[in-house]
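Listed here are the chains, written in short residue letters.
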Amino acid sequence: MSVKDQKVVVVESLLAAISDIMSSVASVEIEHQTFMELGCYLHRISPVIMELRTIKNGSPSALQILQSLSAKVKLANNLVEKCSTGAKSIRDDDLKFITEELEEVIRKLGQDLSTIPLSIFQNKKYAEITVQSLSREMKNVCFHINGTGNCITDEHKLENSSIEQLVKRKEADLVPSSDEKNILHSTWSGYEPRLGDFLDAWKYASGSIDTLSQIAEYSEPLYDTFFCPITKRIMDDPVTIESGITFERKAIAEWFGRFKDVSETITCPATGTKLQSRVLNSNIAIRTIIAEWKRRNEVKRIKVALNVLLLDKSEAMVLDAIRDLNILSQKRRYNREEMHILGITKLLTSFLEHKNMMVRTEALKLLRLLVKDQEGKVIVANTNALERTTEMLSSNNASERHESIAFLLELSETETLLENIGSTAGCILTLIIMKYNESAGSLAAERAEIILKNLEKYPRNIKSMAENGYLEPLLDHLVSGTEEVQIQMASYLSELILEHDMKTYVAEKAAKVLIKMVTNTHTIITHRAAFGALVQISSHPLNNQMLVNAGIIPILMEEMFACGVHDTYIDFKEQAATILANIAKSTIDLETIQVDKHGHTITSHYSIYNIARMLKCSKSDKLNINLIKILLYMAKIPKHIATVVSVIKETEVSYTLIEELNSPVEVLVVAAAKLLTALSSHIGHTIAEGLCKTQGQPEGLIKSYDIDQITKKHAISVNLIAKLPHKNLTLNLSLLRQGTVPAIISRMQGILRGESRTTRYTRCYLEGLVGVLVRLTATLFDQEILQMARGQNLTSVFTELLVRTAGSDEVQRLAAAGLENLSSQSVHLSRPPEVRNPSRRRFLSKSFSSSSQEAKKSQRVQLCPVHKGACSSSTTFCLLESGAVERLLSCLEQKNPEVVEAALSAVSTLLDERVDVEESVRVLGEGDALSFVLGALREHREEGVRQKCFLVIERFLMGGGDGIVGEISNDRMVCAALVTAVHKGSGSSKKMAENILRIARIGTTQPMHETKEISPFQGDKKTTVNDDDSYDDT
C-alpha cells in the first residue's frame, strides 16, 4: 500500500475515533466538564488531520505524525469508555488516574502537533501559526476533578494578573514570532489581504472563507447532532420526541401544530414513523454540548479577531474583526468578559486614533457595548479614550460625531466616571457647544444635554460648566440645593472669572439667595462662601442697585462694625468692605439708604467716622484697601467731601494714609495716594507736613522705585507730590535736599528719548515728574531752590517740553506754567552791568533763534531790552534768551484751552508793568505774536483764555501799537468777542474789553471827558484819552 493510501486509512480511522469519543463524552455524567474539554481538544485537531491528508507529496513524516496521533486518540477512546460504562461505580482514585492519563494524552497530542514540518503547510502560513498556538495550549493542559485541582496552568494564572500582563500573555500565544511576521510580510506585500486569507487552509468543505463569522464553524467542528432536522440550524433548545430524534423545541412544536385533528396520525418529520405521544423531553446532554461548543467557538472567534487587531495589516480586515467582535459582545456577557481579559477593550482604544474614519467609528460602537460592564468602564477610564472621543465630538463626519456622543452618554451613566469625563480637556466645552448648536442635529443636542445633566452629579463638573459659560446648573443648585450644596456652589461662584453681562445674570438669579444665606445661617463656611459670591456680583456697577434693593447695606455695615459672633474673623470684614467699596464706586445715591434703626446713612458723619476709625486701627492690608476706596469714592462726591474732610481731620487718618505709602503692597499704596491726592486741595499743607515727618518720605515717592517698567504706583505717587500746595516751602526744600531733582530730570529725559519701557502709565508718570519741577519754581524766593533752578537750567528744560512730541497736552501746560514762574523772576534777577551806555541791538533773531546767541560774542555786555539788564536763560530765566517765546506762541494754536491759557500767561510776563512794555511789544511784534493771540481769541470761548488774550492785546495797544488798530477793528470775530465780553464777561474781562474798544476807537460813540483807568494790571500807572476822541458803534 502506498504512503498516500496509508494516510487515507489513518485519517479515516482517526476521524471515526474522534467521532466515537465525542458521542461517548456526551453520555458521561461524572466530571462532565472535563470530558467535554477533552472532546473539544480532539475536534480542534480535526482540521490539522484533514490538512495532513490533503498533502500531495506523500511525505513519510506526515504519515508518521498521523499514526502517532491515531495511537493517542485510541488510548483516549479507551479511557473514555471506562467512564461511560461503569461511571457511577468508579472510585475516586480510579477517576483521578483516568483524568491524569487523559491529560497526558492531550499533552502528547500537542507534542505531535509541534513536530509537523513547516514545509507541509506550503503557502498556508497562518495555518502554520495557528497549529503552533494550539500545540502550546494542549501541552499545557490541566483537567480538574470536581472543579478543583492542584494543577495551575498559565490560563489560570491569568485570573490574578493585571490587564497589561493579560495582554502580554495573550499576545505571546497569538502573535507570530519575528520570523513568522517576516514570512507573513513577504507573503502579503503587494496586495491588501482580507481576513479570510489567513484561514484559507482550514477547510471542511469547498468554498472560500472571507468573514470571521464563517471562520467560526471551522475553528470548532460541527456535528450533525447539533442541527435541527427541520430548520437545518444549530439548536438552542433541543428536545427529544418519542421517535428518539432531537429537534428545536419551537420547530417541532410548530410541526405538531399541523396535526389539529385528534384522529389524525402524527408522524416524525425526520423518520416518518407514527407517534403516539406529543411529549417533548429536553435533551440536556445535547443542549450542554451545543452551549459549550458555542462558548468555545466564540472564544476562538474572539482570539482570531484579537490577532487581526494586533497585526493591523489591513483596514478591511480590521473592520471585519471589529464588526464580528461587536456581534459576539451582543450575544452574551461572557464574551464581553473574555474581551476584557484578553485586552481587547484596552486595545480598541488605540484604534480611536486610526487614520480611517470607519475604523474609528466601528471601534467606538464596540467600545460602547464593552463599557456596559463595570470592568469595561474601569479599563477605558485608564486609557486616553476620553481625550480621543472628545476630539471626535468635533468631527466633520456626522456618524463619527454621533457615535462619540453615544459613547460618552453610556459612560456618563456611571458616577465613578463623571470625574474623568469632566476633567478631560475640552469635553465639557464641546458638549455645551453641541447643546446649543442647531447645526449639530437635534439628536446630538439632546444627548449632549443628557450628558451634561449626568455630569452635574459631580460638583466639580458644575464649576467647569460655569467656567465655560454654562451657568444654569450652578445657579439652579445654588437656588434649590441643600445647604451643603449651596455653600459649594457659592464657593465656586466666588472663584469664577465672569464677564459683566454674566455677572448681571447671576445677580438677577442669585442675589437674594446669597443675602439670605448670610442672614439666616450662622456658620463660618456659609458666610465666607456667600460673601465671596457677593463680591463677584458687586464688581459690576450695574448690579449694585439690585444688591441695595435686596437690603445688603445694613448687613455689610453690621458685619464691618458690630462686635458679633464673627468679629474675630477678619476675612468677613474684608469681604464686606470690598462689596461696600464696589457699591460706593457706582453711581447709586447712597444718601437715602439707612444703615441702622437710628436713621444713619452710609454717607452720614456716623458711618464715615466708623470707617475712618476702622482704617486707623486695622492691620489688614486687604481691609484697609477697601476702606480707603470707600472714603475716596465719597470724597469725589461734592456734597459729601466736606464730611469726609471733617472726619479725616477729626480722626487724623491722614497720617495713617501717609504711613501706608511705605507699604510693600502696591494696591494699598495706590489707594492711599489717590485719597491723599483727592484731599490735597482741602488739607494739602497737613499732608505735606506729614510727608516730611514720615521716614523715607517724600523722596520715597520718587526715588525708591525701579522704573525699568513704569507702573500705576509710580504714576500715582509722583502725581501726589505734584498736586500738593506748590508754595509749601517745607516740602519743596525736603525734595531738594534729598536729591530728587536730578533723578526727576534724568527720568524725564529717559522717557523722552525712549529709553524707558512704555506702558499705559508712562504719560501720567511724565506729567507727575514735570509737575514736581513746576512746584519747585513756585518758591524761587528761597535761595537754595533758586540756585537749583539755575544749576539745572530749568528754563531750557521747560522750553524743550513745549514741543508737541515731548508729551501730552498736560506736559505742555505744566511746562508753560513753569516758564511763567521762572519768567516772573527775571525782572528781579536781571541787573544792569557796570559798563555804561550799552549799545542797543535788535533782539528779534535772538528771541526766535536759540542758535544765534552763540553765533557771535561781543566784547561789550549786551542788555536785555525788556528787563534792562544782563539776562541769560540759566541765571535770570529770560524767555527771550532761551528761545521759549516762539514755542509759547506755537502753543496758542493748540485745541486744548488749558494749554493756550498757560502759554498766554507765560507770554504775559513779558508785558508786565515792571518791564519795558514798549520794547516787549516791539520784540513780540517782530515775531508776529499778535496774530497768534488774535487766532486764539477767535478759536476759544473760555473765560480764562479770553481774559489772557485781552490782556496781551491791551498791552500791545498801550505799547504804541497804533498800527494794529486796523487789524483789530477789521476783524469781525475779534470785535464780536470784545463786545460779548463787555456785556457778559467777568469784571476784569469786561473792563479790559472796554479799554481795548476805546483805544481802538471801535466802541460806543459817547465822548470821553475824563481820564479813564485802562487796566487793573497797571497798578498806579494811568493812561488818558483826549476829550475829542470819539467812538463808532461796532
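Reading the values: the criteria
- Residues numbered from 1 in each chain as written.
- Predicted model: local features only at pLDDT ≥ 70, side-chain atom pairs only at ≥ 80, totals over all residues.
- Heavy atoms only, no water.
- UniProt positions renumbered as here; feature names shortened; annotations may be inferred.
- Helix = DSSP H or I, 4+ residues; strand = E, 2+ residues; numbered from the N terminus.
- Buried < 20%, exposed > 50% of the residue type's maximum accessible area, 1.4 Å probe, protein only.
- Contact = heavy atoms within 4.5 Å.
- Areas by Shrake-Rupley, 256 points an atom, 1.4 Å probe, with all protein chains shown as cover.
- Expected span 1.5 Å × (residues − 1).
- Phe/Tyr/Trp six-rings, centres within 6.5 Å; stacked < 30°, edge-to-face > 60°.
- Axes fitted to C-alpha atoms, helices over the stretch in contact; angles between N-to-C directions.
- Parallel < 35°, antiparallel > 145°, perpendicular 65-115°, else oblique.
- Nonpolar A, V, L, I, M, F, W, Y, C, P; charged D, E, K, R; others polar.
- Salt bridge = Lys/Arg side-chain N within 4 Å of Asp/Glu carboxyl O.
- Core = buried A, V, L, I, M, F, W, Y, C linked by side-chain atoms within 4.5 Å.
- Left-handed = near helix turned anticlockwise from the far one by under 90°.
- pLDDT = per-residue confidence, 0-100.
- Pairing = 2+ DSSP bridges.

- Identification of the protein as RING-type E3 ubiquitin transferase from Ensete ventricosum is taken from an unreviewed UniProt entry.
- Check the Catalytic activity (unreviewed entry) section of the UniProt entry for the protein; it says "S-ubiquitinyl-[E2 ubiquitin-conjugating enzyme]-L-cysteine + [acceptor protein]-L-lysine = [E2 ubiquitin-conjugating enzyme]-L-cysteine + N(6)-ubiquitinyl-[acceptor protein]-L-lysine."
- Here is the UniProt Pathway (unreviewed entry) comment for the protein, exactly as written: "Protein modification; protein ubiquitination."

## A closer look at the overall build of the protein
Inference 1: Of regular secondary structure, the protein possesses 54 helices and five strands.
Inference 2: Per-residue burial for the protein yields a buried fraction of 52% across its 1034 residues.
Inference 3: Across the protein, the fraction of contacts at a sequence separation of at least 24, relative to all contacts at a separation of at least 6, is 69%.
Inference 4: Accessible surface for the protein amounts to roughly 47800 Å². Of this, 48% is attributable to carbon and sulfur atoms.

## Considerations on helix 5 (residues 92-114)
An α-helix turns once per 3.6 residues; consequently, residues spaced three or four apart project the same way.
Inference 1: With 23 residues, helix 5 extends 33 Å between its outermost C-alpha atoms, agreeing within 8% with the 33 Å of an ideal straight helix rising 1.5 Å per residue.
Inference 2: Among the residues of helix 5, those classed as buried are L95, I98, T99, L102, E103, V105, I106, L109, G110, D112 and L113.

## With respect to the environment of I289
Inference 1: Mapped onto the secondary structure, I289 falls in helix 12 (residues 284-311).
Inference 2: Accessibility expressed as a relative area gives 4% for I289, which makes it buried.
Inference 3: Between the C-alpha atom of I289 and that of M22, which follows or precedes it by 267 residues, the distance is 9.6 Å.

## Here we look at unusual backbone geometry
Inference 1: Following Q697, the chain continues to P698 via a peptide bond in cis, the omega torsion being 0 degrees.
Inference 2: Its place among the elements puts P698 in the loop between helix 35 (666-693) and helix 36 (700-703).
Inference 3: A positive phi angle, close to 55 degrees, is found at E652, a residue other than glycine.
Inference 4: Relative to the helices and strands, E652 is located in the loop between helix 33 (638-651) and helix 34 (653-660).
Inference 5: Here E652 falls in the partly exposed class, since its relative accessible area comes to 45%.

## Some details on the environment of P47
Inference 1: Position of P47 among the secondary structure elements: in helix 3 (residues 46-53).
Inference 2: Judged by relative accessible area, P47 falls into the buried class, the value being 8%.
Inference 3: As for P47 and V131, which are separated by 84 residues in sequence, their C-alpha atoms are 9.5 Å apart.

## Topic: the packing of aromatic side chains
Inference 1: What the rule picks out here adds up to three aromatic pairs.
Inference 2: Where F226 meets W293, the ring centres are 5.8 Å apart and the plane angle is 65 degrees; that geometry is what we call edge-to-face. Here F226 is found in the loop between helix 10 (212-219) and strand 1 (238-240), whereas its partner W293 is found in helix 12, with 67 residues between them in sequence.
Inference 3: The class for F226 is buried, based on a relative accessible area of 1%.
Inference 4: Assessed through its relative accessible area of 8%, W293 is described here as buried.

## Here's the deal with the packing of helix 35 against helix 37 (residues 712-723)
Inference 1: Orientation of helix 35 relative to helix 37, taken along the N-to-C sense of each, is 5 degrees, at an axis distance of 9 Å. By the criterion of interaxial angle, the relationship of helix 35 to helix 37 is roughly parallel. Contacts from E666, V669, V670, A673, K674, L676, T677, S680 and L691 of helix 35 reach helix 37 at K712, K713, I716, S717, L720, I721 and K723.
Inference 2: Classifying every residue of the contact of helix 35 with helix 37 by side-chain character gives eight nonpolar, three polar and five charged.

## Structural notes on the pattern of salt bridges
Inference 1: A full pass over the atoms with the stated rule returns 34 salt bridges.
Inference 2: Here R333 ties to E337 by a salt bridge, and the two come within 3.6 Å at their closest N and O atoms. Separated by four residues within a single helix, R333 and E337 lie in helix 14 (residues 333-342), roughly one turn from each other.
Inference 3: The class of R333 is exposed, set by a relative accessible area of 51%.
Inference 4: Close ionic contact of E410 with K372 constitutes a salt bridge, the shortest N to O distance being 3.4 Å. Here the residue E410 occupies a position in helix 19 (residues 398-412), and K372 occupies one in the loop between helix 16 (357-370) and helix 17 (374-381), the gap between them amounting to 38 residues.
Inference 5: The class of E410 is buried, set by a relative accessible area of 18%.
Inference 6: Given the relative accessible area of 44%, K372 is considered partly exposed.

## Thoughts on the nonpolar core
Inference 1: L514, L773 and F798 are the most contacted members of the largest nonpolar core, which totals 185 residues.
Inference 2: The greatest single-element share of this core, amounting to 13 residues, is contributed by helix 35.
Inference 3: Apart from residues lying up to four places away in sequence, L773 is in contact with V741, I744, I745, M748, L794, V797 and F798.
Inference 4: The next biggest cluster of nonpolar side chains, apart from the first, holds 60 residues, and it includes I45, L79, L113 and I266.

## Looking at the packing of helix 43 (residues 809-823) against helix 48 (residues 897-908)
Inference 1: Direction vectors running N to C along helix 43 and helix 48 enclose 15 degrees, while the axes themselves pass 8 Å from each other. One finds that helix 43 runs roughly parallel with respect to helix 48. Two packed elements cross with a definite hand, and for helix 43 against helix 48 that hand is left-handed. Residue-level contacts link D809, E810, Q812, R813, A816, A817 and E820 of helix 43 to E898, V899, A902, A903, S905 and A906 of helix 48.
Inference 2: Classifying every residue of the contact of helix 43 with helix 48 gives six nonpolar, two polar and five charged.

## Side note on the confidence of the model for the protein
Inference 1: Within the protein, residue pLDDT values average 80, and 81% of them lie at 70 or more.
Inference 2: Low confidence marks residues 147-218, where pLDDT is under 50. Its contacts with residues over four positions away, or in another chain, come to 114 contacts.
Inference 3: Low confidence marks residues 1003-1034, where pLDDT is under 50. Its contacts with residues over four positions away, or in another chain, come to 58 contacts.

## Re the environment of H867
Inference 1: Mapped onto the elements of the fold, H867 is located in the loop between helix 45 (844-848) and helix 46 (879-882).
Inference 2: Judged by relative accessible area, H867 falls into the buried class, the value being 7%.
Inference 3: Along the sequence, H867 and S830 sit 37 residues apart, while their C-alpha atoms lie 6.4 Å from each other.
Inference 4: Not counting residues within four places of it along the chain, the set of residues in contact with H867 comprises S826, V827, S830, C878, L910 and V915.

## Notes on helix 32 (residues 621-635)
Inference 1: Spanning 15 residues, helix 32 covers 21 Å between terminal C-alpha atoms, matching the ideal 21 Å at 1.5 Å per step.
Inference 2: With respect to burial, helix 32 is a largely interior element, twelve of its 15 residues being buried.
Inference 3: For helix 32, the complete set of buried residues consists of L623, N624, I625, N626, L627, I628, I630, L631, L632, Y633, M634 and A635.
Inference 4: Where helix 32 is buried, its residues touch helix 29 (552-561), helix 30 (570-585), helix 31 (605-617), helix 33, helix 34 and helix 35.

## Focus: the sheet that holds strand 1
Inference 1: Sheet architecture is open: three strands sit in the order 2-1-5, paired in antiparallel fashion. Strands at the two margins of the open sheet, each flanked by one partner only, are strand 2 (246-248) and strand 5 (281-282).
Inference 2: Pairing of strand 1 with strand 5 involves two bridges; the strand directions are antiparallel. Bridge assignment links T240 to a residue of strand 5, and that residue is N281.
Inference 3: Where helix 11 (residues 249-257) meets the sheet, its contacts fall on strand 1, strand 2 and strand 5, and the angle it forms with strand 2 comes to roughly 95 degrees.

## Quick word on the side chain of R388
Inference 1: Turning to its location among the elements, R388 is positioned in helix 18 (residues 385-392).
Inference 2: Look at R388 and you get buried, because its relative accessible area is 13%.
Inference 3: When near neighbours in sequence (up to four residues on either side) are disregarded, R388 contacts L352, E353 and R360.

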